[in-house]
Each structure stands twice: as C-alpha cells, then as structure tokens.
Amino acid sequence: MSGAVTWLRRNLFRSPVDAVVTVIAAVVAGWVLWRTLNFVFVTGRWEIIRVNLRLMLIGRFPEAHELRIAVTVVSLSAWGGLLAGIVRARQVKAGRVDAGDTKFGVRRVADLAERFWIPLLLVVLLLALAGTVGPVIVAVLSVVAAVIGRLIGPVIGRLELPAIGRTVLVTVLLAIPVILYFYVVTAVGFDDWGGFMLNLFLAACSIILCYPIGVLLALGRRSTLPLVRVVCTVFIEIIRGAPLFVLLLFANVALGFFVPESLVPSTSTRAIVVFTLFTAAYMAEIIRGGLQSVPSGQFEAAKALGLSPVRQTFLIVLPQAIRNVIPAQIGQLISLFKDTALAGVAMGSFELLRVSQAITQQDDFAGQGLIGETLAFGAVMFWAISYTMSRESQRFETRLGVGVR
Amino acid sequence: MSDAMTDGTTDGGGAPDATVFADATQVAGTGDVMIEVESVDKFFDDFQALKDIDVKVGRQEVVVVIGPSGSGKSTLIRCINRLEEHDAGRIVVDGVELSNDVRNIQEIRRETGMVFQQFNLFPHLSVLDNITLAPRNVRKMPKAEAEKLGMELLERVRIPEQAKKYPGQLSGGQQQRVAIARSLAMKPKVMLFDEPTSALDPEMINEVLDTMKDLAREGMTMIVVTHEMGFAREVADRVVFMADGQIVEVGTPEHFFTNPQEDRTKLFLSQILD
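Reading the values: rules and limits
Residues numbered from 1 in each chain as written. Chains lettered and ligands numbered in written order. Predicted model: local features only at pLDDT ≥ 70, side-chain atom pairs only at ≥ 80, totals over all residues. Heavy atoms only, no water. Patch = residues over 30% accessible without salt bridge, like charges linked within 9 Å, V, L, I, M, F, W, Y side chains within 5 Å. Areas by Shrake-Rupley, 256 points an atom, 1.4 Å probe, with all protein chains shown as cover. Salt bridge = Lys/Arg side-chain N within 4 Å of Asp/Glu carboxyl O. Lys, Arg positive; Asp, Glu negative; His and termini not counted. Charge placed at Lys NZ, Arg CZ, Asp CG, Glu CD. Helix = DSSP H or I, 4+ residues; strand = E, 2+ residues; numbered from the N terminus. Buried < 20%, exposed > 50% of the residue type's maximum accessible area, 1.4 Å probe, protein only. Pairing = 2+ DSSP bridges. Axes fitted to C-alpha atoms, helices over the stretch in contact; angles between N-to-C directions. Contact = heavy atoms within 4.5 Å. Buried area = accessible area lost by both parts, 1.4 Å probe. Polar contact = N/O pair within 3.5 Å; in protein donor to acceptor, adjacent residues only side chain to side chain. Nonpolar A, V, L, I, M, F, W, Y, C, P; charged D, E, K, R; others polar. Expected span 1.5 Å × (residues − 1). Phe/Tyr/Trp six-rings, centres within 6.5 Å; stacked < 30°, edge-to-face > 60°. Lys NZ or Arg CZ within 6 Å of the ring centre and 35° of its normal. Core = buried A, V, L, I, M, F, W, Y, C linked by side-chain atoms within 4.5 Å. Parallel < 35°, antiparallel > 145°, perpendicular 65-115°, else oblique. Left-handed = near helix turned anticlockwise from the far one by under 90°.

A word on a positive patch on the surface. Taken together, the side chains of A:Arg90, A:Arg166, B:Arg136, B:Lys143 and B:Lys164 present a region of like positive charge at the surface. Of note, A:Arg166 is situated in helix α7 (residues 163-185). Among the residues examined, A:Arg166 registers a relative accessible area of 43% and is labelled partly exposed.

Here we take up the sheet that holds strand β10 (residues 246-251) of chain B. All names here are of chain B. With mixed pairing, six strands are arranged side by side in an open sheet as β6-β7-β8-β3-β9-β10. Of all strands in the sheet, those bounded by a partner on one side alone are β6 (112-115) and β10. Neighbour-to-neighbour, the strand axes of this sheet turn through a mean angle of 20°, independent of strand direction. Sheet topology places β6 next to strand β7 (residues 190-194); four bridges connect them, and they run parallel.

Our focus in this paragraph is the interface of chain B and chain A. Contacts between the two partners involve 24 residues from chain B and, on the opposite side, 23 residues from chain A. When chain B packs against chain A, the two sides together hide about 2100 Å² of surface, and 59% of this comes from carbon and sulfur. Summed over the shared surface of chain B and chain A, the result is one salt bridge. Among the salt bridges present, the one from B:Arg78 reaches A:Glu300, with a minimum N-O distance of 2.6 Å. In this structure, the connection of chain B to chain A is made through seven residue pairs in polar contact (both at pLDDT 80 or more). Elements with a contribution of two residues or more to the side of chain B that touches chain A: α3 (102-111), β6, α4 (127-137) and α6 (172-184) of chain B. Split by residue class, the side of chain B that touches chain A holds eleven nonpolar, eight polar and five charged.

Further remarks concern α6(B). The end-to-end C-alpha distance of α6(B) is 18 Å, a good match for the 18 Å that 13 residues give at a rise of 1.5 Å each. Counting buried residues in α6(B) gives 13 out of 13 residues, a clear majority hidden from the surface.

Within a pair of aromatic rings, the relevant descriptors are the distance that separates the centres and the angle that separates the planes. Residue and element names in this part refer to chain A. Inspection of the entire model under this criterion finds 16 aromatic pairs over all chains. Plain terms: the ring middles of Tyr181 and Phe201 are 5.5 Å apart, the flat faces sit at 5° to each other, and that makes the pair stacked. One end of the pair, Tyr181, is in helix α7; the other, Phe201, is in helix α8 (residues 195-221), and 20 residues separate them in sequence. Judged by relative accessible area, which is 18%, Phe201 ranks as buried. For the cation-ring pair, Arg240 lies above Tyr282, with the distance from its terminal atom to the ring centre recorded as 5.7 Å.

All names here are of chain B. Bridge count between strand β1 (residues 33-44) and strand β4 (residues 88-93): five bridges; the pairing is antiparallel. Among the inter-strand pairings, Asp41 is bridged to a residue of β4, identified as Ala88. Note that β4 and strand β5 (residues 96-97) share two bridges and pair antiparallel. Residue pairing across strands places Val93 opposite Val96, the latter belonging to β5. The turn joining β4 and β5, which pair antiparallel and follow one another in sequence, is formed by two residues; a positive phi near 50° is taken by Asp94.

Our next topic: the nonpolar core. A:Trp193, B:Ile35 and B:Val37 are the most contacted members of the largest nonpolar core, which totals 91 residues. At twelve residues, helix α11 (residues 267-293) of chain A tops the list of elements feeding residues into this core. Ignoring any residue separated from it by four or fewer positions in sequence, one finds B:Ile35 in contact with B:Val55, B:Lys56, B:Val57, B:Ile80, B:Val92, B:Val93, B:Val190 and B:Ile223. With 48 residues, the next largest nonpolar core counts B:Val62, B:Met191, B:Val235 and B:Ala243 among its residues.

Bringing a nonpolar patch on the surface into the picture now. Residues and elements named next belong to chain A. Together, Trp7, Leu8, Phe13, Val23 and Val27 line one region of the surface with nonpolar side chains, adding up to about 480 Å² of accessible area. Listed by contribution, the elements that provide at least two residues to the nonpolar patch are α1 (2-11) and α2 (16-43). Its location among the elements puts Val23 in helix α2.

This next bit is on the side chain of B:Glu195. Residue and element names in this part refer to chain B. By the secondary structure assignment, Glu195 is in the loop between β7 and α7 (202-217). Relative accessible area serves as the criterion here: at 12%, Glu195 is assigned to the buried category. A polar contact is formed between the side chain of Glu195 and the side chain of Ser198, at a distance of 2.8 Å. Other than its neighbours up to four places away in sequence, Glu195 contacts Lys73, Ser74, Gln117, Val225 and His227.

Following the sequence through the fold, A:Leu174 ends up in helix α7. For A:Leu174, a relative accessible area of 57% gives the class exposed.

To continue, consider the packing of α11(A) against helix α14 (residues 326-339) of chain A. Residue and element names in this part refer to chain A. Running from amino to carboxyl end, α11 crosses α14 at an angle of 165°, the nearest separation of the two axes being 10 Å. Classed by the angle they form, the pair α11 and α14 counts as roughly antiparallel. Like other packed secondary-structure pairs, α11 and α14 cross with a definite hand, here right-handed. When α11 is examined against α14, the residues Phe275, Thr279, Tyr282, Met283 and Ile286 are found in contact with a partner set consisting of Ala328, Gln329, Gln332, Leu333, Leu336 and Asp339. Its residues assigned to classes, the contact of α11 with α14 shows seven nonpolar, three polar and one charged.

If you want it as structure tokens, here you go:
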C-alpha cells in the first residue's frame, strides 16, 4: 500500500504544478471515458448497424452469389496458412529461425492471440451482430482451413525441389488469389462489390501493384540515363503535388472527356489505378531514401566481385534499402488503406464510408442523427486493421534484424 | 629473412640481384608480367591524385605500397579494377586492357579480388551467402558446388563455424577474413588489398595478416596497400613508396628498410617506425 502511495507521490504529485496537471488530466480523461462508455452502452442506438451489417460489409452484393464470398474467404485462409507454413519451413531450413519457436502449444496459441486479438475481437463482434449461423460456419471453416494450410505448408517447404518445381510452386501460389478473384468477379461485376470488402480489395490490389512501380520509379530517378531520370522525376513530382481527392475526381469525371465512353474502365478499376499511381510516387521517394542510406562501400564490393549493374542493384543494394525504410513504407500502405474511404465520396464507389452515410437516410433511420453510430463503427473497423498492420510491421522489422550491421 | 621471402626470390630465378630498382616497372620473380600500369594520371576535379605512374607487377609477386595518407596509393589500386577511372595512360591486367568497354571491365573484375578497409560485407546475407553470391551469379556455379567451395574457403581462413552467422555477429578480424574468402571464391588471379587492417582493433590485426601471408606463400599475385611495416618486411617481394601521387622509391624490403635513398622515404620511415 505504501508502495502505491510512494509511486503516486513520485510520478503524479511531485510538485504543486504536477498535482494540478494530474487533477485536470484525470478530470478530462474521466469525462471522455464516461462519455464514450455512455455512448457505447447507453445512448448509442446500434440497431442501425445490426440491420445494415450486410451493406456495411459487402454492399449490394447479390445474395444469390454470397456463397462465392464464403468460398473465397475460406480458400484465402487456407492459402495464407499454407504460405506461412512454407515460408517458416524455408527459414528454419536456412537456419534463420529456431524451429522451437513455432512448436504448436499453449505458448504458440497465446502468442497468436496476443498478435491478432483486435481483429479477432472485431470478427467475434461482427458474428454476434449478424446473429445468424452462416457467418459463424464460414469463420469456423476459415480457422480450420488456415490451420490445415499451416500444417501442410512445412511439408511442402521442406521438399528439395528442382528449379522447375520451385517455379511451378510459386506460380500456383500466386495464381490462387487471382483465380479466386475471377471466381467472384465472373458472377458479380466489379462495380457491384461494396462495403468494407471493397475497401479491403481496393487496398490489397493497390498495395500489390504500387510496390513494384514504386521500386522502379525510385531506381529510375537515380538512373544515369537522363531521359529515364527526367520522366520518373516529373511523374513523381506531379503526382505528389496533387491532392489524392483531386486525382480521384479527375479519374471519375474528366477521364470521360478524353477517352471514349466505352473504353472507360469501371469505377473500381479507375480507383485502383489512382491509388496505385499515387502511392507508387510516395513509395518511390521512401525507397529512394532507403537507397541513399546504403553505404557506397556496398556498391564497390559488389562491383569488385564482378556483379553486373542489375545484380548489384537487385541482390545487394535494393534488399538493404528496402529493409532500412520498412516503417515508412508500412505507414504509407496504412495511409493508402484508409484513403480508400475517399473513393466513395469522390467516385461514388459503394465503400464503407459511403454506406455509413447512406444508411442514415433509410426510412427507418432518417432524421435521427445516427451518423455518429455508423461512422464510429466504420472507424473501429479501419482502426482494427490499420493498428494490426502497424504492429505486425514492427514485429517483421525486429525479425529482419534492421540495424544489425 | 623469412621462408616466404626466400621462396619468393629464389623460385623466380630471373630475379634481379640489384636491391635498388631504377623504377617500378622491373618485376621480381619470373619476369612474367601480370599487371601493367603505364603513364597513368588520375584527377579528382583539380586535384591530381596520380601523376604519371608506371608500375608492373609480376605473376606471383607481392608488391606492398606504402606512403603517407593522400599519397594516391589507394587510388592506384582502385584504378586497377575500375572502382576509379584513370584519366590518362594504360592499365593492363593479365593481357586485358582496361577500357570503357564494359566487357573488359567485367573480365578484369572477375580476375581481380579486392579487400577493403571497411570489409564491406553484405549485412543482409549470411557469411556463406556472402561468399557464394558471386560464384553463383557471375560464374554460374551450381549452389551445392558453390557452398562446398565456400566452406573450403572458410576452413582456409579458419572460421568454418561462422558460416551461418551474419556479418554483424562477427568480430572485425573475422569479418575481414570472410571478406578475403569472398574475394577468393571468384578464384582471382590477382588480389588487391586496400589497407585491410587499418580498421581493426590491434589484437585482430595478426589473424588477418596471417591469412594474407598464407596467400602469398601459395603464390597469389598481390598488391597490398598497408601501414604494417612488419608485413612488408616479411612478405613483400618489392616495396613501392608513394608520395603526392608519385612513386618516389622502389626496392626490396631489405634495401627499403635498411638503406633508403630518398629523403622523402627516410622522413616517412622515421615517422612511422618510431
């Protein structure tokens, strides 16, 4: 008891000023906490979320084809588990990690729970709100599929494959998400996707596409060929000089003036193009910073060994450059993920933010000031994913041993 | 005089008896020339780093280059594998002239190993991967063969147990030995050493020098820029003294350390040997 008192004295009430600051801060914090809890548990009218959960998650995706989403989610879980297992087995084989770290057991489950408790909690909340059996079955199957994938992965990862076998394996693994995409999109066109699923999809596509473009732009900006350098620099500076919102509006409205109507791609495709190019320009500058952080001795050693310029770049310099700027890159990707919310307002995509606004206009809920509830709920979903990305990036960074020279 | 020294001069047969060389183009050993540097100038903007340099290095010869800092000794060996481009003159390595032709540059780099003051190991690759990278990518050696070679080289520099570690986990002396092994993996005909022990703690200098002595004994052609006078005395066939971008004096180690001719050399030796 006296320990606590001493602690309070030392940390919160050391001087009269400290005491005043502590009291004021406590009052403000208490008030905010009380208001928040009051909103969540008393005054908040969450009926609107429960009724519109489907719209918020998948938009106006036809009910007849919902099964395809379920199949995709379960398949992606299996794929993710498989990939994690293969990567892990290869790392263990290369002696880069200790095999004991991933022994299945209480500690491993606790570790996973600690890493992913926020998205897991979100899923549980969504399942509870949905209140039907279907989604629960999908969730359970997903977990089972991920575990099975994770168990099969190491078996594949330990195989001694010839070069051709490795190529086939990589191709198959890369093809799975593409096949799943076509499996869904052939039934329901891109522009009928919506809700949080659309946000996730826009972000995933843009992240995958912006990365190689960003790397090439960064290398291009440092190129010794003047034409390449000028083109890359101009592109980067123009894109970085324009607000994302304006670029989205431009892609939505102005594209029609320049390109024949029939050739204008769907809204979501245009959104992906804009997000990709925008983020690629920022990525290029981040990666260029990383390239500059690699000491010139690394180039010299690579040259002295007789490596070609392409190999110098891709085997020696780029891997180090990318590692050195992981936090900035992840920050940019998180930013991209949140920016997908702009697609609704700028281009009319039926993504989460637009759904959150639209449902407050429904007959049952119009004029009741429920925008606070819908926005808060949307924000929580964005936050859960963004925060998890951020934490996983920190873990990733530690494991790569950034700063170990 | 050490065994290595005796071997170096007697094996050669055609070695000149004179202990003073008229200039640096007279090679010890067989007289078979491996590296030829002819009238080379090098400028950094207005500063002339190399002034009309003429040097030849014989096959299996060990040439130690010494001189005060800023004398152009590092620049000279960096010109030989085109880390710096010379502005005038000719450089020929094993019959291939260094020109702007990228193929010639690549060929010379394949035949020439270089060890740096700061090691310059690749921090993102394991020790073994550091060594196998160039043989696999440049010589197109299969992975298994490259790893076997890598382990042999690690045995040779006496640190096979470090193969799976990363450079950051090694001591300076160990890192420099890995760097030597990495260069040797390309089976070079010439090794260039750019102050290989200058960044090391004193207690680690000998382990690196011993590795270099082994190499010299095995008949590697070497140019070594160093401040280690003991090494020069023991291993060098010839010592080249440079100052202000010029070669001031050339001689066998005995001549050089017991009877230097030039005032500049005497001054430098008195400073460094105190």
